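What follows is the residue order along each chain.
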Amino acid sequence: MDFCEVTNTDGGSNGDRTPCSILTGFLGAGKTTLVNHILKGRHGLKIAVIENEFGEVGVDDALVLETEEEVFEMNNGCICCTVRGDLMRILNKLSKRETKFDHILIETTGLADPAPVAQTFFVDEDIKASYSLDAIITVVDCAHVIPHLDEVKPEGVENESVEQVAFADKILLNKIDLVTQEEKDAVIAKVRGINKLAEVIETTQSAVDLNRILGVKAFDLDRVLQVEEDFLDTEGEHEHDNSVTSVGITLPGALSLPKLNLWLTTLLQTRGTDIFRSKGVLNISGSDSRHVFQGVHMLMGISSSEEGVGRGWKEGEERENRIVFIGRNLNREELVEGFKNCLVQ
């Protein structure tokens, strides 16, 4: 596979070790948008992206733009627990390649605690020898984050959104165009109450100067150990909120855009509080473009590859519809029936 060879930036290798960034943030914050921003950037780096997606149906592979970089997917569980071994195997495999990468970007699921992922770089000797942890980058959805930060979890269950902010070296305060100055100030105050040291960078559509987040050598193990003494304890307890589930649906055929718009709008207006994240790849009747649906709580939008969002259909590719909902109190039968009713009869 070929790679971008453009000059610029200081984000290259750290001696013989390859710098890695962990990209985290709650569901719908704008992580994949940031990945696309990085992959499109004229930075001259060979970048590998390791993706982890929560949900029964994978969608993010269609949301990441076609580039000359390499993307590795882990879709069968959360990177901070069930597929952490997959991460280690991928990293060890990449370290043995003749063609080395300048930077590796690990995009976690929105429900991941970044601490166990970061831990990987300090408890495995082979990975310690090959890689350095450059920074934990947390994308914060300025329009929706406060209720998640304030949520009281059952005893023993982590609030992942709080952990994501607490461990951040760089915080991208995203979607500032969707809030007032007063609302933005409230989010900054809340974030600063959790993490006083991370640099806060205000963004729209996750657009950021890459020199501020790549090759910055911002991760400080001593600082982390001051916050969490048992950070290097691989046997420590780690429990997710099991009330958050996903429903994934795959359907062949073509969808009616008016029917789909009406169904999704009604669904998110009535159930958006419980539906944290929704996204899909769609085959719309009468269009040769691949359409993408993105939703965060009650906000939603549908765009297409013709508009530069996601990649188009490949020649010979089956044009199926994939959609996933992540949240609480999800009614699978109701969601499947509603999606089926949007098909062109």
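If you're wondering where the values come from, they're calculated on a predicted model, not measured in any experiment. Here the residue numbering is sequential within each chain, running from 1 through the sequence in written order. Reporting of local features is limited, given that this is a predicted model, to residues whose pLDDT is at least 70; pairs of side-chain atoms are given and counted only at 80 or more, and all residues count toward the totals for whole chains, interfaces and linings. Working from all heavy atoms in the structure, the side-chain values ignore hydrogens and water.

This part takes up the pattern of salt bridges. Two side chains bearing opposite charge may form a pair once their charged atoms approach each other closely. By salt bridge we mean one thing: a side-chain nitrogen of Lys or Arg within 4 Å of a carboxyl oxygen of Asp or Glu. Going through the model one piece at a time under the given rule, you end up with ten salt bridges. The shortest N-O distance in the salt bridge between Asp141 and Lys175 comes to 3.1 Å. Pair noted here: Asp141 is in strand β5 (residues 131-141) and Lys175 is in the loop between β6 (170-174) and α8 (181-194), with a separation of 34 residues, a long-range link. Note on exposure labels: buried denotes an accessible area under 20% of the residue type's maximum, exposed denotes more than 50%, and partly exposed covers the range between, all computed with a 1.4 Å probe on protein chains only. By relative accessible area, Asp141 is classed as buried at 5%. Helical segments are the DSSP runs of H or I of at least four residues, strand segments are the runs of E of at least two, and each set is numbered from the N terminus.

The subject of this paragraph is the confidence of the model for the chain. Per-residue confidence for the chain averages 80 on the pLDDT scale, and 81% of its residues sit at or above 70. The predictor attaches a confidence to each residue, and that confidence, scored 0 to 100, is pLDDT. Residues count as neighbours in contact if any of their non-hydrogen atoms are within 4.5 Å of one another. Contacts from residues 1-13, a stretch scored under 50 in pLDDT, to residues over four places away or in other chains number 40 contacts. Every residue in residues 54-71 scores below 50 in pLDDT, and together they form 81 contacts with partners more than four places removed in sequence or on other chains.

It is worth spelling out the pairing of strand β12 (residues 321-327) at this point. A large share of β12 lies buried, amounting to seven of its seven residues. Because side chains alternate across β12, one face comprises the buried residues Asn321, Ile323, Phe325 and Gly327, and the other comprises Arg322, Val324 and Ile326, equally buried. In terms of strand pairing, strand β8 (residues 245-251) meets β12 through seven bridges, oriented antiparallel. What sits directly across from Thr250, in β12, is Arg322. By definition, two strands form a pair when at least two bridges between them are found by DSSP. In the sheet, strand β9 (residues 275-283) pairs with β12 via six bridges, with the strands oriented antiparallel. Within β12, the position partnered with Ile275 by the bridge is Gly327.

Taken in spatial order, the five strands line up as β8-β12-β9-β10-β11 in an open sheet, and their pairing is antiparallel. Looking along the sheet, the strands with just one partner apiece sit at the ends: β8 and β11 (299-304). Across this sheet, the average inter-strand angle for adjacent strands is 10°, counted without regard to direction. Between the N-to-C directions of two axes lies an angle of 0 to 180 degrees, each axis being a line fitted to C-alpha atoms and, for a helix, fitted only over the stretch in contact. The strands touched by helix α10 (residues 257-271) within the sheet are β9, β10 (290-296), β11 and β12, with β11 carrying the most contacts at an inclination of about 155°. Its contacts with the sheet place helix α11 (residues 332-340) against β8, β9 and β12, and it is angled at close to 30° to β8.

This part takes up the pairing of strand β1 (residues 18-24). Within a regular beta strand, the side chains point alternately toward one face of the sheet and then the other, so they alternate between its two faces. Counting buried positions over the seven residues of β1 gives seven, a clear majority of the element. In β1, alternate side chains face the same way, and those of Thr18, Cys20, Ile22 and Thr24 on one face and Pro19, Ser21 and Leu23 on the other are all buried. Direction of pairing for β1 relative to β5: parallel, over a ladder of seven bridges. Within β5, the residue paired with Cys20 across the bridge is Leu133. As judged from the four bridges shared by β1 and strand β4 (residues 103-107), these two strands associate in the parallel manner.

The next point concerns the packing of α10 against α11. Contact pair α10 / α11: the axes reach a minimum separation of 9 Å and the direction vectors enclose 155°. Taken together, the axes of α10 and α11 are roughly antiparallel relative to one another. Taken together, the residues of α11 that come into contact with α10 (itself represented by Leu260, Trp263, Leu267 and Arg271) are Glu334, Leu335, Gly338 and Phe339. Residue type decides the class: Asp, Glu, Lys and Arg count as charged, Ala, Val, Leu, Ile, Met, Phe, Trp, Tyr, Cys and Pro as nonpolar, and the leftover types, Gly among them, as polar. For the contact of α10 with α11, the residue count by class is five nonpolar, one polar and two charged. Geometric relationships in this document are graded by angle, where less than 35 degrees denotes roughly parallel, more than 145 denotes roughly antiparallel, 65 to 115 denotes roughly perpendicular, and other angles denote oblique.

Residue placement: Ser289 occurs in the loop between β9 and β10. Under the relative-accessibility criterion, Ser289 is labelled buried at 10%. Taking C-alpha positions, Ser289 is 6.1 Å from Ser304, a pair spaced 15 residues apart along the chain. Look past the residues within four positions of Ser289 in its chain and what remains in contact with it is Leu282, Ser304, Ser305, Glu306 and Trp313.

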